[in-house]
Amino acid sequence: GSLVDQTTAGKPIRFVEGVAKLVVVIEDQDEVLTGRVTLHHQGEEFSDITMLTRNHAFSQGLVFRIQPVREQPTTLKLFETTFSLAQIEKYLSLLFSLFHNISVRYKDYRVVAGAPKHTQPTLIFEKIDSNNALYLRVTNSLPGFDSDFFEQYDINRISLLNDLDKNIIVSEIIPGELYASFDELEKLLKKYRKSTNHGSNYFIEDNLFIIDEQLAKQFVYGELPNLISRYVILGAQRLKPYKLKTVSPSLQLSLSHGLDFLEGDVNLEIEGQTFSLFEVLTQYKKNSYVQLNDGVHAIINPGYLDKLQRLFKKQKEKVRVSFFDLPIVEELIDEKIAAEFFPKSREIFLGFNNIKNFIFEFPVLNAHLREYQKQGYQWIKYLQQHGLGGCLADDMGLGKTIQTIALLASIYPEEKKCTIIIMPKSLLFNWEVEINKFKPELTYYVYHGANRDLTEAKSKHLILTTYAMVRNHIKEFQEEEFCYIILDESQNIKNLNSQAAKAVMLLKSKHRLALSGTPLENHLGELYSLFRFLNPAMFGSAEDFNRYYAGPIQRDNDKDVMRELRKKIYPFILRRLKRDVLQDLPDKIEQTLFVEMTREQKVFYEQRRSFYYQTVKSQIAQNGVQKSQFFILQALNELRQIASIPEAKSDRHIISPKREIIMENLLDILANNHKVLIFVNYLQAIDCLSEDFEKAGIDYLIMTGATRDRKEVVQKFQDDDTVKVFLMTLRTGGLGLNLTAADYIFIFDPWWNKAAENQAIDRSHRIGQDKTVFSYKLVTKHTIEEKIIELQKIKTNLFESLISSDDSAIKSFDEKDVEFMLGA
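Residues numbered from 1 in each chain as written. Predicted model: local features only at pLDDT ≥ 70, side-chain atom pairs only at ≥ 80, totals over all residues. Heavy atoms only, no water.

*Asks:* Before we move on, can you summarise the overall build of the protein chain with the specific residues and values?
*Replies:* Scanning the protein chain for helices and strands turns up 29 helices and 39 strands. Across the 824 residues that make up the protein chain, the buried fraction comes to 54%. Once local pairs closer than 6 in sequence are excluded, the contacts in the protein chain between residues at least 24 apart make up 66%. If you sum the accessible surface of the protein chain, you get close to 38200 Å²; carbon and sulfur atoms cover 49% of it. The average position of the 103 basic charges and that of the 110 acidic charges among the side chains of the protein chain differ by 2 Å. (Helix = DSSP H or I, 4+ residues; strand = E, 2+ residues; numbered from the N terminus. Buried < 20%, exposed > 50% of the residue type's maximum accessible area, 1.4 Å probe, protein only. Contact = heavy atoms within 4.5 Å. Areas by Shrake-Rupley, 256 points an atom, 1.4 Å probe, with all protein chains shown as cover. Lys, Arg positive; Asp, Glu negative; His and termini not counted. Charge placed at Lys NZ, Arg CZ, Asp CG, Glu CD.)

Laid out in structure tokens, this is it:
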């Protein structure tokens, strides 16, 4: 593969085949960040990189071909530096402005493309000189970046970190046109110049206005309120000589307890004067300052006033603050005052930090809870104790279901009201399996399908049902009061205006719990919808949430608001990622996901099963079992296809429900930045899944017997961060490949040969894998697939003697086996 081209200092230089990828790795040690430039090639990482050209890099005696970066690639070395956490957005903005075709790895953040950002016209009050003249600069800026940053560097893309959904959002910058701003300011200054009696004037140097004292005072007093609404204003604290002063008010509270809020009076003390909160807000809205007794115009940080508006709501003549906002209120006042006004509420919030010290009795289950699962159970019990709703948001595979079953086992049979668990239809069977496995004493009723009886359902501990059922039968359900409403895959109510979300909100219960690996997928509205279900008093109306949280975060990247929102929801979302609990996990976890056939698939399957059952029996009667082997194999093969990918045998009229399950799980896994292998038996499954991935905008790779450049495809999966899914047939993917980038595996259809399945899983679970591998096998209920699994359990050695490893021929199959596999 490699050619010796020349020697340097006696050492050969080799040109490496294929294309390597440039990755900047950012490591964090106590909020001191270090950038490292690395090369990734065929699963290996190379450091100490020298850029030779925009297409070539050198490391350890090797010359690598790379995607073109830019005209002056040597400046990439400058990014091997240390910087503070506060500077990371500037660091990344410079990196993405200067270089193309470069990846970034920072913790578990993903790089995503954002909408273009328009710069905002900005006025900077630079100084008032010894003659009291005002220096006013006009420029452009963006929230979170000082204006000098754009003047010092050629920035054409900015990077913003969203800590809520762990994204690095890279957006093109569209610079604003400053001419209109200049023109407007000059017209205003001319207008005020006419009304001054002292011939006051102004001068312009580049983008700087120098304005005489009298003109400047009139301009600032008259226009500041208007300008603040349309311009970013910086340096207002320098206006003190003009009797404009920036102030930091102190908060004064007098509150008493309501049901889930406090109510009373809130005042602000500014420079020794006391104002009611709403008096300050009204003045500020009108004038952009507060008039003090000595004639000084007090300017208050608008972000501080926005925070007060978020926290304190007007209730007739009083002020009301929500229980859920108390931790943020506590930041603004003295700790002793907090302890005086809301001791009980404060104790609940402080208790979240000490949950592991509270004594909750663990129920008896047919399983041993892992340490983090015990902590999850304690957290749910703590919420239950205080009548609060929460979302268990563990990574897929970490056992959200068993933690929930532990909760239910702790309240039944003593609790008389039943619990309703709402989920996508594809999960009904799996909940049944898990309940029967871990706590069979829990009684349940599956409220789904044609024969439904709500009265009988209510006599059980649990009702298992679907979002569609609740939506369609909300009149009956809303009459009941449940002990718990539990939403599995709670992102199903992420759209506030959907019928499912509206129906769920009409249900009544003492307690509420949500389960989701992806509580926030696309935008903050989903978070609002979730918490409107869990704790309806937390955010008020959707309009309030958009005004106070979604708008400032998504529009202005307001870090203070984002931090406040995180603090507000933090106690009520328990999220553990796989890497956080690796010490608790074995190397490999295998699970079966049971799938229910659709009505059309059931009818079709039963027709073909019945046909083959009769025909095979007839063949055996005529020719004997040995001479009927080929026909038996044909029968088994067709039934496996109908069970797994019925599209192949029905001209695509019948859609496999496995596709929906794969997509549901995949979106969850990809949102948490994992890589996935999917093994299938039939090429039709590859065609159908490919269509689904393209529709969902998922980048994926395919490998079948027709794939020629396998090495290159494998390298792309291992090295390319954007490609998360590798779809392949067993025969091509089962042997000889190293695919340790993946830590989730789906086996689309079970195979006769268990050893072949194990080989497939071991593509990922092998030397070099530093993560636990989760493997999921999809098995269609009441079909030959389920019987394959049963047969594997009954006859552990069967498949060594019965079926060859390549699945192509049956070695020995007796009449008893035929009866078992094809019988009803």
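*Asks:* How would you summarise unusual backbone geometry if you had to cite specific residues and measurements?
*Replies:* That bond from Tyr 412 to Pro 413 is cis: its omega, 15 degrees, falls within 30 degrees of zero. As for its position among the elements, Pro 413 is in the loop between helix 11 (400-411) and strand 28 (419-423). For Glu 31, which is not glycine, the phi torsion reads 65 degrees and is therefore positive. With respect to the helices and strands, the residue Glu 31 is situated in the loop between strand 2 (11-29) and strand 3 (32-41). At Glu 271, a position not held by glycine, the phi torsion is positive, near 50 degrees.

*Asks:* Any details on the sheet that holds strand 13 (residues 134-141)? Residues and values, ideally.
*Replies:* With mixed pairing, 5 strands are arranged side by side in an open sheet as 16-17-13-12-18. Pairing within the sheet leaves two strands with one partner each, and these edge strands are strand 16 (202-205) and strand 18 (232-234). Neighbour-to-neighbour, the strand axes of this sheet turn through a mean angle of 20 degrees, independent of strand direction. In the sheet, strand 12 (residues 120-128) pairs with strand 18 via 3 bridges, with the strands oriented parallel. Looking at strand 18, one finds that Thr 122 is bridged to Val 232. Lying over the sheet, helix 3 (residues 179-195) contacts strand 12, strand 13, strand 16 and strand 17 (208-211), oriented at roughly 165 degrees with respect to strand 16. Set on the sheet, helix 4 (residues 213-230) makes contact with strand 12, strand 13, strand 16, strand 17 and strand 18; between it and strand 12 the angle comes to about 150 degrees. (Pairing = 2+ DSSP bridges. Axes fitted to C-alpha atoms, helices over the stretch in contact; angles between N-to-C directions.)

*Asks:* Could you give me a rundown of the state of the cysteines, with the residues and numbers involved?
*Replies:* Scanning the entire structure with this criterion turns up 0 disulfides. Cys 483 takes part in no disulfide bond, and the closest cysteine sulfur, belonging to Cys 418, lies 8.9 Å away. (Disulfide = S-S within 2.5 Å.)

*Asks:* Account for the nonpolar core, naming residues and giving values.
*Replies:* One finds Phe 312, Phe 352, Phe 531 and Leu 565 to be the most contacted residues of the largest nonpolar core, which totals 147 residues. Those residues within four positions of Leu 565 in sequence are excluded, and the remaining contacts are Leu 164, Leu 524, Leu 527, Phe 539, Phe 545, Tyr 549 and Ile 553. In terms of nonpolar packing, the next biggest core, distinct from the first, is built from 41 residues, Leu 22, Leu 33, Leu 62 and Leu 95 among them. (Core = buried A, V, L, I, M, F, W, Y, C linked by side-chain atoms within 4.5 Å.)

*Asks:* I'd like a rundown of the packing of helix 16 (residues 499-506) against helix 17 (residues 524-534), residues and numbers included.
*Replies:* Put simply, helix 16 and helix 17 touch, their axes get as near as 9 Å, and they point 20 degrees apart. In terms of axis orientation, helix 16 runs roughly parallel to helix 17. In terms of crossing hand, the pair formed by helix 16 and helix 17 is left-handed. Residues Ala 501, Val 504 and Met 505 of helix 16 form the contact with helix 17, whose participating residues are Ser 529, Arg 532 and Phe 533. The class makeup of the residues in the contact of helix 16 with helix 17 is 4 nonpolar, 1 polar and 1 charged. (Parallel < 35°, antiparallel > 145°, perpendicular 65-115°, else oblique. Left-handed = near helix turned anticlockwise from the far one by under 90°. Nonpolar A, V, L, I, M, F, W, Y, C, P; charged D, E, K, R; others polar.)

*Asks:* Please give an account of the side chain of Thr 466 that cites residues and values.
*Replies:* Topologically, Thr 466 is positioned in strand 30 (residues 462-466). By relative accessible area, which is 3% here, Thr 466 ends up buried. When neighbours within four sequence positions are excluded, Thr 466 is seen to be in contact with Ile 422, Met 423, Pro 424, Lys 425, Leu 428 and His 448.

*Asks:* Describe the sheet that holds strand 36 (residues 700-703), naming the residues involved and giving the relevant values.
*Replies:* Read across the open sheet, the 6 strands follow the order 34-39-38-35-37-36; overall the sheet is parallel. In the strand order of this sheet, the two ends are held by strand 34 (588-595) and strand 36, each with one partner. Strand after strand, the sheet turns through a mean of 20 degrees between neighbouring axes, direction not considered. Pairing geometry for strand 38 (residues 744-747) and strand 39 (residues 773-780), over 4 bridges, is parallel. When the bridges of strand 39 are listed, Ile 747 appears paired with Lys 777. Contacting strand 34, strand 35 (676-680), strand 37 (725-729), strand 38 and strand 39, helix 22 (residues 657-671) runs over the sheet at an angle of about 140 degrees to strand 34.

*Asks:* Lay out the packing of aromatic side chains with the relevant residues and their values.
*Replies:* This model, assessed by the stated rule, comprises 34 aromatic pairs. With a centroid separation of 5.6 Å and an interplanar angle of 15 degrees, the aromatic rings of Phe 145 and Phe 149 are classed as stacked. As far as burial versus exposure is concerned, Phe 145 and Phe 149 are alike and both buried. Ring geometry for Phe 349 and Phe 352: centres 6.5 Å apart, planes at 40 degrees, overall tilted. Owing to a relative accessible area of 12%, Phe 349 belongs among the buried residues under this scheme. Ring-pair connections join several aromatic residues into one group, and the members of that group are Phe 323, Phe 324, Phe 349, Phe 352, Tyr 382 and Phe 572. Directly above the ring of Phe 278 sits Lys 314, whose terminal nitrogen or CZ lies 5.3 Å from the centroid. (Phe/Tyr/Trp six-rings, centres within 6.5 Å; stacked < 30°, edge-to-face > 60°. Lys NZ or Arg CZ within 6 Å of the ring centre and 35° of its normal.)

*Asks:* Give me the confidence of the model for the protein chain: which residues, what numbers.
*Replies:* Counting all residues, the mean pLDDT for the protein chain is 84, and 92% of those residues have values of 70 or more. Confidence, read as mean pLDDT per element, is least for strand 1 (residues 3-8) in the protein chain (44) and greatest for strand 28 (96). Contacts of residues 1-7 to residues separated by more than four positions or lying in other chains number 15 contacts, the stretch itself having pLDDT below 50. Note on residues 799-809: pLDDT is under 50 here. Beyond four places in sequence and across chains, it has 27 contacts. (pLDDT = per-residue confidence, 0-100.)

*Asks:* Hey, could you go over the side chain of Gln 403 for me, with residue numbers and the actual values?
*Replies:* Considering the arrangement of structural elements, one finds Gln 403 in helix 11. Engagement of the side chain of Gln 403 in a polar contact is seen with the backbone oxygen of Gly 399, the distance being 3.0 Å. (Polar contact = N/O pair within 3.5 Å; in protein donor to acceptor, adjacent residues only side chain to side chain.)

*Asks:* For helix 3, give the residues involved together with the corresponding values.
*Replies:* Its 17 residues place the ends of helix 3 25 Å apart at the C-alpha level, agreeing with the 24 Å of an ideal helix rising 1.5 Å per residue. All of the buried residues along helix 3 are Ser 181, Phe 182, Leu 185, Leu 188, Leu 189 and Tyr 192. Angularly, the buried residues of helix 3 cover 135 degrees about the axis, an arc narrow enough to put them on a single face. Exposed positions of helix 3 whose direction lies more than 90 degrees from the buried face are Tyr 179, Lys 187 and Lys 194. Residues of helix 3 that are buried in the fold lie against strand 12, strand 13, strand 16, strand 17 and helix 4. (Expected span 1.5 Å × (residues − 1). Arc of directions from axis to C-beta.)

*Asks:* Break down the pattern of salt bridges for me, with residues and values.
*Replies:* Throughout the structure, instances matching the rule amount to 37 salt bridges. The salt bridge partner of Arg 563 is Glu 331, with a shortest N-O separation of 3.1 Å. Taken together, the residues span a long stretch of sequence, with Arg 563 in helix 19 (residues 559-569) and Glu 331 in helix 7 (residues 326-332) at a distance of 232 residues. With relative accessibility at 37%, the residue Arg 563 sits in the partly exposed group. Judged by its relative accessible area of 34%, Glu 331 falls in the partly exposed class. It is possible to trace a salt-bridge network through shared partners that takes in Lys 307, Arg 310, Glu 331, Asp 560, Arg 563, Glu 564 and Lys 567. (Salt bridge = Lys/Arg side-chain N within 4 Å of Asp/Glu carboxyl O.)

*Asks:* Which residues make up helix 16, and what values do they have?
*Replies:* All buried positions along helix 16 are accounted for by Ala 500, Ala 501, Ala 503 and Val 504. All buried residues of helix 16 fall inside an arc of 165 degrees around its axis, so they share one side. Residues of helix 16 that are buried make contact with strand 28, helix 14 (467-472), helix 15 (474-477), strand 31 (481-488) and helix 17.

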